[in-house]
Amino acid sequence: MCLNCDATRRGLLRFSLGAAGLAALPGRARAISQKPLIMLDPGHGGHDPGAIAPDGYYEKTITLATGLELHHALLETGRYRVAMTRKRDDFISLEERVNMALEHRADLFLSLHCDHLPEQNLRGASIFTLSNKASDKLAAAVAQDENSADGPPRDAPVRVSPQVADILASLETRATKIGSATIANNIANAFANKIPLLPDPERSANFAVLRDPSIPSTLLEMGCLSNAADEQRLRDPRQRQMLVARLADAINKYFSDPVQLRVVG
Ligand SMILES: [Zn+2]
C-alpha cells in the first residue's frame, strides 16, 4: 500500500458511486444523525498475537479488551456511532482495517496497540501519527513491528490518473493531518499525570493502518508489554477503566472542537 494508492481507492469510490451511491454508504447517515462515527481498531488478532510479554501474555488480548470497553464507554455518551475492525479474536489484515474505516466513512480512526521495547525498564504509553519519515529510531522500529502483520506490502491497482490521485491526496491529507495531530495531542494531555507516558510520547512514523488520507487517525501504544508494571496495569480491568475514561475524555474534547464539528457535519 502507498499514500497515492489509498487516495486513488478513495477517489475511485467517489467517482464510481456518485452522489446517490455515496448516500447509500453507512457513513452518510451522519447527515441525518449528526453523530460522528468512530472506528476503533484493536491491533492484531487470530494467528497474529502481536507483542508477547515475558510471561506469554498476548498484545492481541489486551487490545481487544480495551477496544470493547472503549466501544461501550463511547456508546454510553450517546454522542457517537462506534464501529470496530474486530470484536473477536480474528485476524484482520492492515489493509482490510483501513478499508473498513473508509467504507464506514469514519470521522476518526483509533488503533490500539501495546509496545515491546528492548529496554525492560522503559514503560508508558505513546501516541503515533502518520509520517513518511519517522520522528526517531524508536518510532521507526515500532512502525516496522506493527506493519509486519500483513507480510510484504502489496500495491493496489491504480485506475485513475496519477494527477487526479495527487489532487485528492493533497486536499484530504491537509485536513486529516490537523485532525490526527489534534487527537494525538488530546490523548497525551488526557493521560498526563494519570497514565504513564514514555518520554516524548507524541511520535510519528509510517504506519500502514494510518494511511487513509481522508480520516484523522492515530495509533496508541497503551504501554509496554516488555515492562512488568505496564503489563499488570494493562491486564487489570480496573486500571484499564481509567485508561478508557481518559481516552473517552480525549475523544469528547476532539469532537467538542467547532473545527471538527464542521468537518463532521
Ligand atoms: Zn501492535
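Residues numbered from 1 in each chain as written. Predicted model: local features only at pLDDT ≥ 70, side-chain atom pairs only at ≥ 80, totals over all residues.

To continue, consider the overall build of the protein. Across its full length, the protein holds nine helices and six strands. Among the 265 residues that make up the protein, the fraction classed as buried is 42%. In the protein, the proportion of contacts linking residues at least 24 apart, taken out of those at least 6 apart, comes to 83%. (Helix = DSSP H or I, 4+ residues; strand = E, 2+ residues; numbered from the N terminus. Buried ≥ 20, exposed ≤ 12 C-beta atoms within 10 Å, placed from the backbone. Contact = placed C-beta atoms within 7 Å.)

Before going further, it helps to examine the environment of L247. Structurally, the position occupied by L247 is in helix α8 (residues 237-256). The residues touching L247, leaving out its near neighbours within four places in the chain, are L70 and I187.

With that settled, consider the environment of N121. By the secondary structure assignment, N121 is in the loop between β3 (108-115) and β4 (125-130). It is 8.1 Å that separates the C-alpha atoms of N121 and S226, two residues lying 105 residues apart in sequence.

Within the protein, residue pLDDT values average 83, and 77% of them lie at 70 or more. In this model residues 1-30 is a low-confidence stretch, pLDDT under 50, and it forms 57 contacts with partners more than four residues away in sequence or in other chains. Note that residues 153-158 has pLDDT below 50 and, in this model, ten contacts with residues that lie over four places away or in other chains. (pLDDT = per-residue confidence, 0-100.)

For the rest of this paragraph, the subject is the nonpolar core. By size, the foremost hydrophobic cluster in this structure holds 55 residues, and its most contacted members are I38, M39, A106, I187, F207 and L220. Per element, the largest residue contribution to this core is six residues, and it comes from α8. Beyond its immediate sequence surroundings of up to four residues, M39 is in contact with A83, T85, M100, A101, H104, A106 and F109. (Core = buried A, V, L, I, M, F, W, Y, C linked by C-beta atoms within 7 Å.)

Attention shifts here to the pairing of strand β2 (residues 81-84). In the sheet, strand β1 (residues 37-42) pairs with β2 via four bridges, with the strands oriented parallel. Counted as the bridge partner of L37 is R81 from β2. Between β1 and its parallel partner β2, the chain crosses via helix α3 (residues 59-77), and the hand of that crossover is right-handed. (Pairing = 2+ DSSP bridges. Right-handed = clockwise from strand over helix to strand, strands pointing away.)

Right, let's get into the environment of R246. By secondary structure assignment, the location of R246 is in helix α8. Ignoring anything within four residues of it in the chain, the contact list for R246 reads A190, F191, K194 and I195.

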